[in-house]
Amino acid sequence: MHISPDNIIYWQHGIFVLNGTIVFTWLIMAVMAAGSWLLTRQLSPGGAVSRRQSILEAVVATIERQLKDVTHVQPRGFLPFLGTLFLFIAVSNTLSVVPGFHAPTGSLSTTTALALLVFLAVPIYGIARAGFSTYLSNYFKPSFFMLPFNIMGELSRTLALAVRLFGNVMSGNMIGAILLLIAPLFLPILMQLLGLLTGFVQAYIFAILAAVYIGAAMEIQSTPTKRHKETR
Amino acid sequence: MLIDGFTIVAQIVNFLVLVLLLKRFLYKPVMRVMQEREERIAQAVAQSEIAEKEARQRAATMAAQQQAFLEDKAKLMADAKMDVDRWREEKIESLRTEINDLRLAWLDQVDQDRQAFLMKLKGDAVRHVMRMGDKIIRDLADQQMESRIIAVFMKKMEADKKDFHSVTYTGPIRFLSGFELSAETKENIRETFIQWFPSCRPVAFEVSQSLGMGLEVVARDKKVAWNLEKYLKDLEREILLVLPSKTRNAA
């Protein structure tokens, strides 16, 4: 029993380690890329639309609508990033019911990597929308003394993102493993089903929180400019 | 160790690669298809809006035309009603005039019939009176009356004898009477005629019942006559000539 797939080492050379997290991530990447390629091979813009295409479009449209509801901006720019975040976590958590599969999201390294990406994405999208100086000036609001607190807020929420996902997935796997030892018949199945639900919920929470952070960065930066334009 | 630095970097790279892969194989095709569909839908909506606009314009045009038709219809109906009313009034007036004319004609006809009846009645009355007078005269006639008739006739003959060129007349003279003359009377008449027609042949006396109480002298194409019936008819004619005017005045 491994707490994290990082502990599953397949190959190591110096600092280069080929562990379970990376391998299962590649597996998920392969599945998702191949699945996407297979599903989007014969898309039709009009006329009769297949059920497969309808489901695919519904998934993408739902993600887009959710992001738009949360961020209040057109999400086409960050849809691939946040959508992939949601799908990766959801697929990873879903595949955890497959025996022998270790969800990469059960690794704190993976969730930290994802949280760091969100941490970087927030200023990137904010600067891209409002400009470098305008975005940085936001850290000094409402006063200069708020800078450390704002930086701490950014770091803490990144940490919270990483730990929350890791904790939920890891604890779910741990509970499933423990229950498998104690009562191997029904309870593990129920817990696995509950794990599927919590996995989806965690994917949703992670993606939505990331969207909220990015949307807040973009909205806060753009509001003074709009207000300034209106007063002119 | 829960966190591995290399794994974090590797996962960041992996995730970014996955983002690129999904962007290439999932989001881009799906978004492109959705975009095309949205454009098609937008185009269809725009076309439908144009069609709706055209339909509204056509509906408005149709409504205006319908309104115009209704107004024309109402105007035509009003004109027709006015024409019908005028025609009816004219017809009623015409019929009234015609009926009045007919009534006048009928009254005239009734008046004429009444007058004709009255005329006929009076004519019949006059004729009856005359016939009665004729009958009475005939019933009461005697020798003295016949002598008186002959005297009257001879006075008339004396007045008209110049029309016969009596002095130079040489032809026959016929003396017709409705009653039998006595020999003395005949002789007196013959002597008188000899005086008036010295060159003529002797007078021939004849009795003609058709003359009634009358006398007649015929000399070739000349004739002088008097009889009671003719006298009464002349009297009757004169009475009838006088009667209508009196009758009309009385009506």
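As a starting point, this report considers the structure included with it. (Residues numbered from 1 in each chain as written. Chains lettered and ligands numbered in written order. Predicted model: local features only at pLDDT ≥ 70, side-chain atom pairs only at ≥ 80, totals over all residues. Heavy atoms only, no water.)

What follows concerns the overall build of chain A. Counting its secondary structure elements, chain A contains seven helices and two strands. Counting helices and strands in the order they occur from the N terminus, chain A gives β-β-α-α-α-α-α-α-α. Each of the three principal axes of chain A carries a C-alpha extent, and together these read 70 × 55 × 40 Å. Scored against the burial criterion, the 232 residues of chain A give a buried share of 40%. Within chain A, residue pairs in contact and separated by at least 24 positions form 66% of the contacts whose partners lie at least 6 positions apart. Per element, the accessible surface of chain A, about 12,300 Å² overall, is 72% carbon and sulfur. Side-chain charges of chain A comprise 14 positive and 7 negative groups, with the mean position of each set lying 4 Å from the other. (Helix = DSSP H or I, 4+ residues; strand = E, 2+ residues; numbered from the N terminus. Buried < 20%, exposed > 50% of the residue type's maximum accessible area, 1.4 Å probe, protein only. Contact = heavy atoms within 4.5 Å. Areas by Shrake-Rupley, 256 points an atom, 1.4 Å probe, with all protein chains shown as cover. Lys, Arg positive; Asp, Glu negative; His and termini not counted. Charge placed at Lys NZ, Arg CZ, Asp CG, Glu CD.)

The next point concerns the overall build of chain B. When you go through chain B residue by residue, the secondary structure sums to four helices and four strands. Taken from the N to the C terminus, the helices and strands of chain B come in the order α-α-β-α-β-β-β-α. Against the 2.2 N^0.38 benchmark of 18 Å for 251 residues, chain B shows a C-alpha radius of gyration of 64 Å, more extended than a compact globule. Counting only C-alpha atoms, chain B reaches 205 × 40 × 25 Å along its principal axes. Taken over 251 residues, chain B has a buried fraction of 27%. When contacts within chain B are restricted to residue pairs at least 6 apart in sequence, long-range pairs at least 24 apart make up 80% of them. Carbon and sulfur atoms make up 59% of the accessible area of chain B, which totals about 17,400 Å². Taking the average location of the 41 positive side-chain charges in chain B and that of its 39 negative ones, the two points are 3 Å from each other. (Rg over C-alpha atoms; globule rule 2.2 N^0.38 Å.)

Turning our eyes to something else, we now look at the sheet that holds strand S1 (residues 174–177) of chain B. All names here are of chain B. Pairing within the open sheet is mixed, and its four strands lie in the order S2-S1-S3-S4. Where the open sheet ends on each side, the last strands, each with one partner, are strand S2 (204–207) and strand S4 (222–227). Neighbour to neighbour, the strand axes of the sheet diverge by 15° on average, direction disregarded. One ladder, built from four bridges, connects S1 with S2; its direction is parallel. Bridging from a neighbouring strand, Arg174 pairs with Ala204 of S2. Lying over the sheet, helix H3 (residues 183–196) contacts S1, S2 and strand S3 (214–219), oriented at roughly 135° with respect to S2. (Pairing = 2+ DSSP bridges. Axes fitted to C-alpha atoms, helices over the stretch in contact; angles between N-to-C directions.)

Overall, the coordinates contain 16 salt bridges over all chains when judged by the stated rule. With a shortest N-O distance of 2.6 Å, Glu64(A) and Arg76(A) are connected by a salt bridge. Within this pair, whereas Glu64(A) is found in helix H2 (residues 51–71), its partner Arg76(A) is found in the loop between H2 and helix H3 (79–95), the two being separated by 12 residues in sequence. For Glu64(A), a relative accessible area of 11% translates into the label buried. One connected set of salt bridges, linked through shared partners, spans Lys81(B), Asp85(B) and Arg88(B). (Salt bridge = Lys/Arg side-chain N within 4 Å of Asp/Glu carboxyl O.)

Going through the model one piece at a time under the given rule, you end up with 13 aromatic pairs over all chains. Summarising the aromatic geometry, the rings of Phe16(A) and Phe6(B) are spaced 5.4 Å apart at their centres and angled 90° between planes, so their arrangement reads as edge-to-face. Here the residue Phe16(A) occupies a position in strand S2 (residues 16–19), and Phe6(B) occupies one in helix H1 (residues 5–140), the pair thus bridging two chains. We classify Phe16(A) as partly exposed; its relative accessible area is 43%. Judged by centre distance (5.4 Å) and plane angle (50°), the rings of Phe175(B) and Phe205(B) are tilted. Note that Phe175(B) is positioned in strand S1 and Phe205(B) in strand S2, a separation of 30 residues in sequence. Overall, the relative accessible area of 0% leaves Phe175(B) in the buried class. Against the face of Trp37(A) rests Arg41(A), its NZ or CZ located 5.3 Å from the ring centre. Between the NZ or CZ atom of Arg157(A) and the centre of the ring of Tyr213(A), over which it lies, the distance is 4.1 Å. (Phe/Tyr/Trp six-rings, centres within 6.5 Å; stacked < 30°, edge-to-face > 60°. Lys NZ or Arg CZ within 6 Å of the ring centre and 35° of its normal.)

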